[in-house]
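Okay, here's what each chain looks like letter by letter:
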Amino acid sequence: MHFTGRFVWFALGGSWTAMIWLLGAAVAHLIVGGQPLAKAAIEMAGLSILPFGREAVHIRELGGQDPAPTTTAARLIGPALNVAWLLTFGLVLCAAYLVLGVLCCLTVRAIPLGRQCFRLAGLSLWPVGQRVISTDLATVPRQQAAVERFARTRLLQSSQSDRIGPPRDLPPAAAN
């Protein structure tokens, strides 16, 4: 099934959508400052060809920092490139993946292919900052990020309860 599924994926949708990603990468490479977008589009083209066993993870989840930091102009480049991608190739790719996903889900055997299409449809809208890694490696940073979010939430809740003080409806002796 693995070989058959990968062949069907490549023949029916992966190769075509990868060509759209590569066309977008070529156009982005011609734009001044579009190299991060071109790099992301090339990575996503590879994911589009063979998506099984690999995932796209944002660079922040990998423990890295966003590659633009100190100036305001540098912080605006990534989102600006994502918006430019969204308005040009992103919507086309998203529509293509959604159509392919619906077609794949018409048969029970192709539902996993349809799920991949829907996952890639979301990624096609905002690709800058995403890195493609194996699925096994993707679970570790996601678990670490979840632990950090949980710790921040607990810290926030404990600081809020310190500010609030004891409940007002209890007598003073019971509050301590």
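Along each chain, residues carry numbers from 1 onward, in the same order as the chain's sequence is written. The model is predicted, so local features are restricted to residues of pLDDT at least 70 and side-chain atom pairs to those at 80 or more, both for listing and for counting; the totals for chains, interfaces and linings are taken over all residues. To obtain the side-chain values, all non-hydrogen atoms of the structure were included, while hydrogens and water were left out.

Q: With reference to specific residues and values, describe the overall build of the protein chain.
A: Along the backbone of the protein chain there are six helices and two strands. For helices the rule is a DSSP run of H or I covering at least 4 residues; for strands it is a run of E covering at least 2, with both sets numbered from the N terminus onward. Listing the helices and strands of the protein chain from first to last along the sequence gives α-α-β-α-α-β-α-α. Exposure classes here rest on a 1.4 Å probe applied to the protein chains alone. A residue is buried below 20% of its type maximum, exposed above 50%, and partly exposed in between. The 176 residues of the protein chain split such that 31% are buried. Expressed as a percentage of contacts within the protein chain between residues at least 6 apart in sequence, the contacts between residues at least 24 apart total 74%. Throughout, the Shrake-Rupley method with a 1.4 Å probe supplies accessible areas, and for residues the shown protein chains are the sole cover considered. Here the protein chain displays about 11,400 Å² of accessible surface, and carbon together with sulfur accounts for 69% of that area. Throughout, a contact is declared for two residues whenever any of their heavy atoms are within 4.5 Å.

Q: An account of helix α4 (residues 111–123) is requested, with residue identities and associated values reported.
A: Given 3.6 residues per helical turn, the α-helix brings residues three or four places apart onto the same face. Given the number of residues in a helix, its expected span is that number minus one, multiplied by 1.5 Å. Between its terminal C-alpha atoms α4 stretches 19 Å, which fits the 18 Å expected from 13 residues at 1.5 Å a residue. Listed as buried for α4 are Leu113, Gly114, Gln116, Cys117, Leu120, Ala121 and Leu123.

Q: Lay out the pattern of salt bridges in plain terms, naming residues and giving numbers.
A: Put simply, a salt bridge is a Lys or Arg side-chain nitrogen that is within 4 Å of an Asp or Glu carboxyl oxygen. Taken as a whole and assessed by the stated rule, the structure comprises one salt bridge. One salt bridge in this structure joins Arg131 and Glu43, with 3.7 Å as the shortest N-O distance. Placement of the pair is Arg131 in strand β2 (residues 130–134) and Glu43 in helix α2 (residues 35–49), with a sequence separation of 88 residues.

Q: So what about the packing of aromatic side chains? Which residues, and what values?
A: Two aromatic rings, drawn from Phe, Tyr or Trp (for Trp, its six-membered ring), form a pair once their centres lie within 6.5 Å of each other, and the interplanar angle then sorts them: stacked below 30 degrees, edge-to-face above 60, tilted otherwise. In the structure shown here, the tally under the stated rule is three aromatic pairs. Ring centres of Trp9 and Phe52 lie 5.9 Å apart, and the angle between their planes is 75°; on these two criteria the pair is classed as edge-to-face. Here Trp9, found in helix α1 (residues 2–30), pairs with Phe52, found in the loop between α2 and β1 (54–58); they are 43 residues apart in sequence, far enough to count as distant. Ring geometry for Trp21 versus Trp85: centroids 5.2 Å apart, planes at 15°, classification stacked. On the criterion of sequence distance, the pair formed by Trp21 in helix α1 and Trp85 in helix α3 (residues 72–104) is long-range, its members being 64 residues apart. Residue classification places Trp85 among the buried positions, given a relative accessible area of 1%. What links up through ring pairs into an aromatic cluster is the set Trp21, Trp85 and Phe89.

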